[in-house]
Amino acid sequence: MAILTAVQLKKEFVVRTLFSGVSFEIAPRDHVGLIGVNGCGKSTLLKMLLRQEPADDGYISVTAGTVIASIEQTPALEEGVTLFDFVLQAHGSLLDWEKELSELPERIHRAGTDRDRLIRRQADLTERFEREGGLTFRSRTRSALMGLGFSSQELEKSVTRFSGGQVAKAMLCRAILKKADLLLLDEPTSGLDPVSRDELTELLGRITDGKYQGVTIKTAAA
């Protein structure tokens, strides 16, 4: 059963048709390589799969519950964001719940008739936060990064100060922590030195084998 299906995709730029009639399926455990000359639309197609670029025709269907992660060729990096916080973004929902839980005591204190509803919200959210790993997601992130070879000191450095190979490893770490079902890579070894390229290739092999640092990875495509 396919986890992602693309049907008759078409993309145009001004007066040029980049591609049309593109259809395919990706099933669990598939490994798919996309080959083409520069400018043929490889990166654009990946952006469409990530819902970052709309299709001019056709559609993309993703099975409910499928988690998609990516390693971009030129990721957007924000100055001042530490390596640790950059990778911590893998836990988007937990971060949102953690923030809300920190604000709820003050909201309950100031509440009037809404007090009981907020107390129930606090209890429900606390139970869900703990059940989904909220008490350990920071330590798990730290362990995963250090397992990839980063030192504890490097975790506090701005992500913009790292090499392309190190950023690629950090993005791979985010995919590991998200337990992605589908991993999309846009020329992840482009511009890397031979050592960094070999390290990234070895790490990808360990992920697609199904295990990394004791974490079960559900990677469907790489």
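Residues numbered from 1 in each chain as written. Predicted model: local features only at pLDDT ≥ 70, side-chain atom pairs only at ≥ 80, totals over all residues. Heavy atoms only, no water.

Draft legend 1. Representation of the pattern of salt bridges in the model. One pass over the full model with this rule turns up ten salt bridges. When the shortest N-O distance is used, the salt bridge between Arg-110 and Glu-106 registers 2.4 Å. Here the residue Arg-110 and the residue Glu-106 both occupy positions in helix 3 (residues 92-110), the gap between them amounting to four residues, near one helical turn. A relative accessible area of 68% places Arg-110 in the exposed class. When its relative accessible area of 39% is taken as the criterion, Glu-106 is described as partly exposed. Arg-131 is the partner of Glu-132 in a salt bridge, and the nearest nitrogen-oxygen pair spans 3.8 Å. Look at the salt bridges and you will find they share partners, linking Glu-127, Arg-131 and Glu-132 into a network. (Salt bridge = Lys/Arg side-chain N within 4 Å of Asp/Glu carboxyl O. Helix = DSSP H or I, 4+ residues; strand = E, 2+ residues; numbered from the N terminus. Buried < 20%, exposed > 50% of the residue type's maximum accessible area, 1.4 Å probe, protein only.)

Draft legend 2. Fine view of helix 5 (residues 137-147). What helix 5 keeps buried is the set Phe-137, Thr-141, Ala-144 and Leu-145. The arc that holds the buried residues of helix 5, viewed along the axis, is 95°, so those residues lie on one side. Taken from the residues just after helix 5, Gly-149 is the one with a positive phi, measuring 105°. (Arc of directions from axis to C-beta.)

Draft legend 3. Region of the structure containing the pairing of strand 1 (residues 4-13). Note that strand 1 and strand 2 (residues 16-26) share seven bridges and pair antiparallel. Across the sheet, Leu-4 pairs through a bridge with Ile-26, a residue of strand 2. Taking the residues that link successive antiparallel strands as the turn, the strand 1-strand 2 hairpin has two residues, and the phi of Val-14 there is positive, at about 55°. Inspection of the sheet shows strand 1 paired to strand 3 (residues 57-62) by five bridges, in the antiparallel sense. The partner of Ala-6 across the bridge, within strand 3, is Ile-60. (Pairing = 2+ DSSP bridges.)

Draft legend 4. Fine view of the packing of aromatic side chains. Summed over the entire model, instances satisfying the criterion amount to two aromatic pairs. On the numbers, 6.4 Å between centres and 85° between planes, the contact of Phe-129 with Phe-137 is edge-to-face. Taking relative accessible area as the criterion, Phe-129 reaches 7% and is therefore assigned buried. Among the residues examined, Phe-137 registers a relative accessible area of 0% and is labelled buried. (Phe/Tyr/Trp six-rings, centres within 6.5 Å; stacked < 30°, edge-to-face > 60°.)

Draft legend 5. Molecular detail of the nonpolar core. The biggest cluster of nonpolar side chains holds 40 residues, and the ones touching the most others in it are Leu-83, Val-87 and Leu-145. A per-element tally of this core places helix 6 (residues 164-178) first, with eight residues. In this structure Leu-145 touches Leu-83, Phe-84, Val-87, Phe-150, Leu-155 and Cys-173, once residues within four positions along its chain are discounted. In terms of nonpolar packing, the next biggest core, distinct from the first, is built from 15 residues, Leu-9, Ile-26, Leu-182 and Leu-184 among them. (Core = buried A, V, L, I, M, F, W, Y, C linked by side-chain atoms within 4.5 Å. Contact = heavy atoms within 4.5 Å.)

Draft legend 6. Looking closely at the confidence of the model for the protein. Looking at the protein, pLDDT values average 85 and 92% of them are 70 or higher. For the protein, per-element mean pLDDT is lowest for strand 7 (residues 215-216), which scores 36, and highest for helix 4 (residues 115-131), which scores 96. (pLDDT = per-residue confidence, 0-100.)

Draft legend 7. Quick peek at a nonpolar patch on the surface. Judged by side-chain polarity, Phe-13, Val-14 and Val-15 come together as a nonpolar surface patch covering roughly 390 Å² of accessible area. Residue placement: Val-15 occurs in the loop between strand 1 and strand 2. Look at Val-15 and you get exposed, because its relative accessible area is 83%. (Patch = residues over 30% accessible without salt bridge, like charges linked within 9 Å, V, L, I, M, F, W, Y side chains within 5 Å. Areas by Shrake-Rupley, 256 points an atom, 1.4 Å probe, with all protein chains shown as cover.)

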